[in-house]
Every structure is written in C-alpha cells, then in structure tokens.
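A closer look at the structure
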Amino acid sequence: MQKKRICFLLVCLFLTGCSSSKTELPVENTEENQARLEINKIQLPLEPDCSVGSYFVDGDMVYYSIYMPVGDYGANPDIKFDDSMETEIRSFDTQSATEKLLYKYHAGYQVDVNDMGICNEKLYWLDSAGTEDEWFRVVAISPDESEDVEILFTSKDISESCTMITPETDGENIYFYAEDDGTVSICEYAQGELKTVQENVYVNSPYEHLSKWNDTYATTFKTDDGYEIVTIDEDENYSDHETVSDVSELQMNDDYMTYLSDPYNYRNEVNVIRKEDHGVEQIKTDRFFNYGLLGNYLIFNKSDHITAYDLLSGEETELLKAEQDSFEWMFRRGETLCTKNGNEIYVISIE
C-alpha cells in the first residue's frame, strides 16, 4: 500500500466566539473521479468546564447537547444539583456565529442525550428522561419554535426488553435495529407510526447503526452456510450479495458494500464488495477504532489520527491528527462523516 500526504488548501473563516475552518483535499485519480474530500472543523462557543454530548451537523447549523459542570461530589459530597446543572440542547449557526438555546431539561439530574438527527424538519434525539419503566425515549422539537419536547416513541412501544437503540435518519424516516428477547428486527418510525420492517435479522450487536442508502436497507441473515448479506428495498424486495463467515459494521453506497469480518480482534481489515461485478477485496491498514464509507473512500479513525484510503487508486492519505487525546466514534450521515476531538467537531464530506 502506498501512502502519501496531500497538501491542504486551507480556508479559515473567523467567526465571533468560535471558528470554522475548511480543508479541501484534491484527489489525483482518473478523469471519471474528480471528487474532493473536504474537512470542516467547527469550534463551538462553550462556557468553561462545559462539554458537548450528542451533536448533529446539518449544513451550516450544528445541533448539540451541553453537559454543565456539576462539581466534584467526591471532594464535596454536600453539593446539591440545581437548575444551572441541567442538560441543554442548543443550536449554532456557523455562518452568523449565532448560538440559540432550544431546550433545557428540568429533570433534577443530568439527562443523557444521544443520537441526534433532523427528520421532517424536526430535531430529534434519544434521552433518558422517561418514566421509571422506560429505558429510553425518542423526542423531538421544532428548531425554529420554543416549545416542549414531543415524545415520538419510547422503549415500551418496542418491547419491555429493548434497553437501547441507535436511531438513524434519511430525513423522512427514523430507523434502527431493535432487540426483543434475543430477536433483532429492523424498525422504522414514519408518519407518526412505529413499524417493523423485517424480523429475525442478524447483527453483531443490536446497537450497531443500521445502513440505509436510497431507500434500501443493508443487513444480514444467519444461514447454515454463514451470514448472508442482503439488501431490502422500500417494496420489501430482497437482493443477495454475499455469504460470509462473520459480519459487523455493514455500510453501503451506490458502488460498494463494506463490512468487518473480525470486529473483536485487531481491527485492521475491511472487506469491500463492488456492486458492479460482486467482486470482494480485503483492504488492510493499521489498527483502527472505527471506519466509514464515503464515496470511493474508506475513512479510518485510528484514534490519534484519521486516514483516507482511495478504493480506486489504492493510496492511503493522512487527513487529520488529534489535537487532544483521541478522536471519538465517527458517525456516518449520508455523504458525510462526523467525529469529535475534545469539544471540536470535524465533518468530512465529498465536495
């Protein structure tokens, strides 16, 4: 494998109270492929000792939860939780440098917020502020209006044994894997209704992010010969792609399907299925934390740095180095990948 460094064209936008910088990475491949990777670094205007929880980047807007400092209970056990410590949901416009408080909890404790997204022009997220017999709930607000949260559904609407999900969205539907007493299904929330799309699918962990591309799901069935990778379209038609010995972190786009076959060991290989001819290739690299499929690139999060492997040229390029300890889990949102280092958000996209 060849490795090379690409000179960055850096465009810095200095904004009041924060900064946003973009880096364009030219790709020198065939004439058919003139794509550029672009990295956008977003620094949010945070108060001292605050930290960013969940976040979602939608164009120039960033939506995020804020955890306020609650003090050191070990050093001072008499500290009492008060309103200033409640979890907040905020938005930030990177063009106008305008921050807005969208919602503030009044739960009496720090509420965990996860898996934000925009669906049907509403901001949704998963939280832990439900009743005692609810493991979680998925709630939503309109970013342009000040209002209380709308509860879309809770764990009880799925099953009593479903303790957690990792919801994704295509902008119109919310979808996810859900486990019910050991059985995993693909579920979808659409037009105010929760439904099961497919039962008895195989997934290495029910907390994996479900891959969907152009109204088609990519998932796996367990068979006598191994694990069969399939796609399911909006009319519930199936297409078989490959039978493999094990599979996790399955991802898909127009040209490729990618997956890990040994997720618990060294994690230095990704298997790539080319849809055009069903050819399978194994890409090896240094050990990575997680990866994302972006166009014809495999983006590897290697904790202290991030690289891009070009599936057309076979070249791997270093994109980013961590300014603080390590990059957090990298999320795929359509044709973008997002990760966080400290309180700084990095968005990797194709120009």
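What counts, and at which threshold
- Residues numbered from 1 in each chain as written.
- Predicted model: local features only at pLDDT ≥ 70, side-chain atom pairs only at ≥ 80, totals over all residues.
- Heavy atoms only, no water.
- Helix = DSSP H or I, 4+ residues; strand = E, 2+ residues; numbered from the N terminus.
- Areas by Shrake-Rupley, 256 points an atom, 1.4 Å probe, with all protein chains shown as cover.
- Pairing = 2+ DSSP bridges.
- Axes fitted to C-alpha atoms, helices over the stretch in contact; angles between N-to-C directions.
- Buried < 20%, exposed > 50% of the residue type's maximum accessible area, 1.4 Å probe, protein only.
- 1 Å grid on protein atoms, 1.4 Å probe; cavity = no way out; pocket = protein on both sides within 12 Å on 5 of 7 lines; lining within 4 Å.
- Points joined across faces, edges and corners; volume = space filled by probe spheres on them.
- Nonpolar A, V, L, I, M, F, W, Y, C, P; charged D, E, K, R; others polar.
- Salt bridge = Lys/Arg side-chain N within 4 Å of Asp/Glu carboxyl O.
- Patch = residues over 30% accessible without salt bridge, like charges linked within 9 Å, V, L, I, M, F, W, Y side chains within 5 Å.
- Lys, Arg positive; Asp, Glu negative; His and termini not counted.
- Charge placed at Lys NZ, Arg CZ, Asp CG, Glu CD.
- Core = buried A, V, L, I, M, F, W, Y, C linked by side-chain atoms within 4.5 Å.
- Contact = heavy atoms within 4.5 Å.
- pLDDT = per-residue confidence, 0-100.

1. Regarding the overall build of the protein chain
In terms of helices and strands, the protein chain carries one helix and 31 strands. Put simply, the protein chain shows about 17100 Å² of open surface, and 43% of that area lies on carbon and sulfur atoms.

2. Here's the deal with the sheet that holds strand β13 (residues 168–169)
Pairing is antiparallel across the open sheet formed by four strands, whose spatial order is β13-β14-β15-β16. Only two strands of the sheet have a single neighbouring strand rather than two, namely β13 and β16 (193–198). Pairing geometry for strand β14 (residues 174–180) and strand β15 (residues 183–190), over seven bridges, is antiparallel. In the sheet register, Ile-174 faces β15, and the bridge partner there is Tyr-189.

3. A few points about the sheet that holds strand β6 (residues 61–67)
Here we have four strands laid out as an open sheet, ordered β5-β6-β7-β8, and antiparallel in their pairing. Strands at the two margins of the open sheet, each flanked by one partner only, are β5 (51–58) and β8 (98–104). Direction aside, the axes of adjacent strands within the sheet are offset by 25° on average. For β5 and β6, the ladder comprises six bridges, and the chain directions are antiparallel. In the strand pairing of β6, Val-57 is matched with Val-62.

4. Things to note about the pairing of strand β11 (residues 137–141)
With five of its five residues buried, β11 lies for the most part within the structure. The alternating pattern of β11 places Arg-137, Val-139 and Ile-141 and Val-138 and Ala-140 on opposite faces, both of which are buried. Of the pairings in the sheet, the one linking strand β10 (residues 122–127) to β11 comprises five bridges and is antiparallel in character. Each residue of the ladder has a partner; that of Trp-125, found in β11, is Val-139. Note that β11 and strand β12 (residues 150–154) share four bridges and pair antiparallel. Considered in β12, the bridge of Val-139 is made with Ile-151.

5. Points about empty space enclosed by the protein
Counted by the stated rule, this structure contains two cavities of 30 Å³ or more. Considering the residues around the second largest cavity, the lining is formed by 14 residues, among which Tyr-177, Val-203, Glu-208, Thr-220 and Leu-250 are closest to the centre. For the lining of the second largest cavity, the elements supplying multiple residues, two or more each, are β18 (216–223) and β21 (248–252). A total of three residues in the lining of the second largest cavity trace back to one element, the largest contributor, which is β18. Here the residues of the lining of the second largest cavity are counted per class, giving seven nonpolar, six polar and one charged.

6. Let's talk about the pattern of salt bridges
Per the stated rule, a full pass over the model turns up 21 salt bridges. Where Lys-41 meets Glu-344, a salt bridge forms, and the shortest distance between an N and an O atom there is 3.6 Å. In this pair, Lys-41 sits in strand β4 (residues 36–43) while Glu-344 sits in strand β31 (residues 344–350), placing the two residues 303 residues apart along the sequence. Glu-344 sits in the buried class, given a relative accessible area of 11%. With its nearest N and O atoms 3.6 Å apart, the salt bridge here joins Glu-188 to Lys-212.

7. Focus on a negative patch on the surface
A cluster of acidic residues, Glu-172, Asp-215, Glu-234, Asp-235 and Glu-236, forms a negative patch on the protein surface. Following the sequence through the fold, Asp-215 ends up in the loop between β17 (211–213) and β18.

8. A look at the nonpolar core
By size, the foremost hydrophobic cluster in this structure holds 17 residues, and its most contacted members are Ile-89, Val-113, Leu-123 and Trp-125. Elements supplying a minimum of two residues to this core: β6, β8, β9 (113–119), β10 and β11. Residue contributions to this core peak at three residues, all from β9. When neighbours within four sequence positions are excluded, Val-113 is seen to be in contact with Ser-54, Ser-65, Tyr-67, Thr-87, Ile-89, Tyr-105, Trp-125, Leu-126 and Asp-127. If you look at the next biggest cluster of nonpolar residues, it comprises 16 residues, including Leu-126, Phe-136, Ala-140 and Leu-152.

9. Observations concerning the confidence of the model for the protein chain
Of all residues in the protein chain, 88% have pLDDT values of 70 or greater, and the mean over the chain is 87. Across residues 1–18, confidence stays below pLDDT 50; counting only partners more than four residues off in sequence or on other chains, it has 47 contacts. Low pLDDT, under 50, characterises residues 26–34; the predicted model gives this stretch 14 contacts beyond four residues in sequence or across chains.

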